[in-house]
Amino acid sequence: MNITGLITLDLEYEIKTLKKELNAVLLAHYYQESEIQDIADFVGDSLELSRKAASTNADVIVFAGVHFMAETAKILSPKKQILIPDINAGCSLAEGCPAPLFKQWRDAHPGYVSITYINCSAEVKALSDIICTSSNAEKIIRQIPADKKILFAPDKNLGNYLKKKTGRDMEIWQGTCVVHETFSLKKLIHLKSLYPDAKIIAHPECEEPVLEQSSFIGSTSALLKHVQQSADKTFIVATETGIIHQMEKACPDKTFIPAPPEESCACNQCPYMKLNTMEKVYLCMKNRTPEIILSDELIRKAIIPIQRMMEMSR
Ligand code: 13P
Ligand code: SF4
């Protein structure tokens, strides 16, 4: 079907119909466009979405997120069909940590425990000891025996934040997120001067100077929970702007201001997450492609560190 054909369709209705026909569940990350979040069966952070993917009774999981998230769903539910609206929805962190280089790094550090952020490929997961997300990383690190050194990949900002928080000896891969490294400290301080009562809240993938200005740091779900529980009324939000949709829905009486990027650009929107559109959600369900396919051997290896994460973050 061409784009003209799509314009005449009620995409929301068509997606809902296909969900029933396929016995599919639509999972969406908070960074998806608002329309996709609103039609999803579940919206969550990386950990919550992994848990949902592992527990659903659906035959098909439509994963409106990025590739590493859909891969994790496949590893956790290998018998299910996992569809992703745009197969090119990657992640700069995953792309900056190729498996052969990661293996060399691991081999150069014998005896280290390798804790790897979920924002990585299935191949890198298979080479890791334990996977973590931004919502359970600290909890997991605190369970590692004190005499063990830690290798943390691929996000250097999250790694440095955790190193400081836990005081652990950690070697850190030098990867970054294209969105979270974009926030301008100068503009952030200027914005704060315009809204003196506003609280700055940030995702731990942000650079240290931004984190130092923040009154609360956490995963997307933790940020959402925080604004709901806080007595404060105005927040400057240093993460991808998609989360603001759920914040505004949950707290219509509060004000949320996106933290400004360095350039005059939309760099605080994830270029990968935003590849997914309602049209592509519909088409992937109708055509049952693009689909995540992984070898049995890769799934067998990659599930081990993911299951460790699930056990350690209960
Ligand atoms: P969360 O697990 O906090 O949702 O983060 C995912 C992510 O990609 C952040 O950029
Ligand atoms: Fe990856 Fe950053 Fe996009 Fe999250 S926001 S998916 S870390 S590129």
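The shown structure was predicted, so the numbers you read here are calculated from the model rather than taken from an experiment.

Thresholds, definitions, all that
- Residues numbered from 1 in each chain as written.
- Chains lettered and ligands numbered in written order.
- Predicted model: local features only at pLDDT ≥ 70, side-chain atom pairs only at ≥ 80, totals over all residues.
- Heavy atoms only, no water.
- Helix = DSSP H or I, 4+ residues; strand = E, 2+ residues; numbered from the N terminus.
- Rg over C-alpha atoms; globule rule 2.2 N^0.38 Å.
- Buried < 20%, exposed > 50% of the residue type's maximum accessible area, 1.4 Å probe, protein only.
- Contact = heavy atoms within 4.5 Å.
- Areas by Shrake-Rupley, 256 points an atom, 1.4 Å probe, with all protein chains shown as cover.
- Near = heavy atom within 4 Å.
- Nonpolar A, V, L, I, M, F, W, Y, C, P; charged D, E, K, R; others polar.
- Disulfide = S-S within 2.5 Å.
- 1 Å grid on protein atoms, 1.4 Å probe; cavity = no way out; pocket = protein on both sides within 12 Å on 5 of 7 lines; lining within 4 Å.
- Points joined across faces, edges and corners; volume = space filled by probe spheres on them.
- Pairing = 2+ DSSP bridges.
- Axes fitted to C-alpha atoms, helices over the stretch in contact; angles between N-to-C directions.

Trainee: So what's going on with the overall build of the protein chain? Which residues, and what values?
Mentor: Broken down by element type, the protein chain carries 16 helices and twelve strands. Its C-alpha atoms give the protein chain a radius of gyration of 20 Å, within 12% of the compact-globule value 20 Å for 314 residues. With the C-alpha coordinates of the protein chain rotated into their principal frame, the extents come out at 55 × 55 × 35 Å. Within the protein chain, buried positions represent 57% of all 314 residues. In the protein chain, of all internal contacts separated by at least 6 residues, the share reaching a separation of at least 24 is 63%. Carbon together with sulfur atoms contributes 50% to the accessible area of the protein chain, which is approximately 13900 Å² in total.

Trainee: Run through the site of ligand 2, naming residues and quoting values.
Mentor: In the vicinity of ligand 2, the residues found are Tyr31, Val66, Cys91, Ser92, Leu93, Asn119, Cys177, Val178, Val179, Glu205, Cys270 and Tyr272. When grouped by side-chain class, the residues that make up the shell around ligand 2 number nine nonpolar, two polar and one charged.

Trainee: I'd like a description of the state of the cysteines, backed by residues and values.
Mentor: Inspection of every chain in the model, using the stated rule, returns one disulfide. A disulfide bridge connects Cys265 with Cys267, and the sulfur atoms are separated by 1.8 Å. In this structure the cystine formed by Cys265 and Cys267 twists about its S-S bond by roughly -125 degrees; its chirality is therefore left-handed. Take Cys265: its relative accessible area is 30%, and that puts it in the partly exposed class. The class of Cys267 is partly exposed, set by a relative accessible area of 27%. Here Cys206 is not disulfide-linked; the sulfur of Cys177 is the nearest cysteine sulfur, at 8.2 Å.

Trainee: Tell me about empty space enclosed by the protein, and please be specific about residues and values.
Mentor: Counted under the stated rule, the structure contains one cavity of 30 Å³ or more. Within this model, the largest cavity holds a volume of roughly 240 Å³. Lining the largest cavity are 28 residues, and of these Tyr31, Met69, Asn119, Glu205 and Met273 lie nearest its centre. Of all elements in the fold, only helix 5 (67-76) and helix 6 (92-95) reach the threshold of two or more residues within the lining of the largest cavity. Looking at the lining of the largest cavity residue by residue, the class counts come to 13 nonpolar, twelve polar and three charged.

Trainee: Please set out unusual backbone geometry residue by residue, giving values where relevant.
Mentor: The amide bond that connects Ala153 to the next residue, Pro154, takes the cis arrangement and shows omega of -10 degrees. Inspection of the secondary structure assignment puts Pro154 in the loop between strand 7 (150-153) and helix 10 (156-166). Phi is positive for Asn23, which is not a glycine, with a value near 50 degrees. Here Asn23 lies in the loop between helix 2 (11-22) and strand 1 (24-29). According to the relative accessible area criterion, Asn23 is partly exposed, its value standing at 36%.

Trainee: I'd like a rundown of the sheet that holds strand 2 (residues 42-44), residues and numbers included.
Mentor: The parallel open sheet is built from four strands, whose spatial order is 2-1-3-4. Each edge of the open sheet carries a strand with a single partner, namely strand 2 and strand 4 (81-83). Strand-to-strand twist of the sheet, defined as the mean angle between neighbouring strand axes without regard to direction, takes the value 25 degrees. Summarising the sheet, strand 1 and strand 2 pair through three bridges and their orientation is parallel. Bridging from a neighbouring strand, Leu27 pairs with Phe42 of strand 2.

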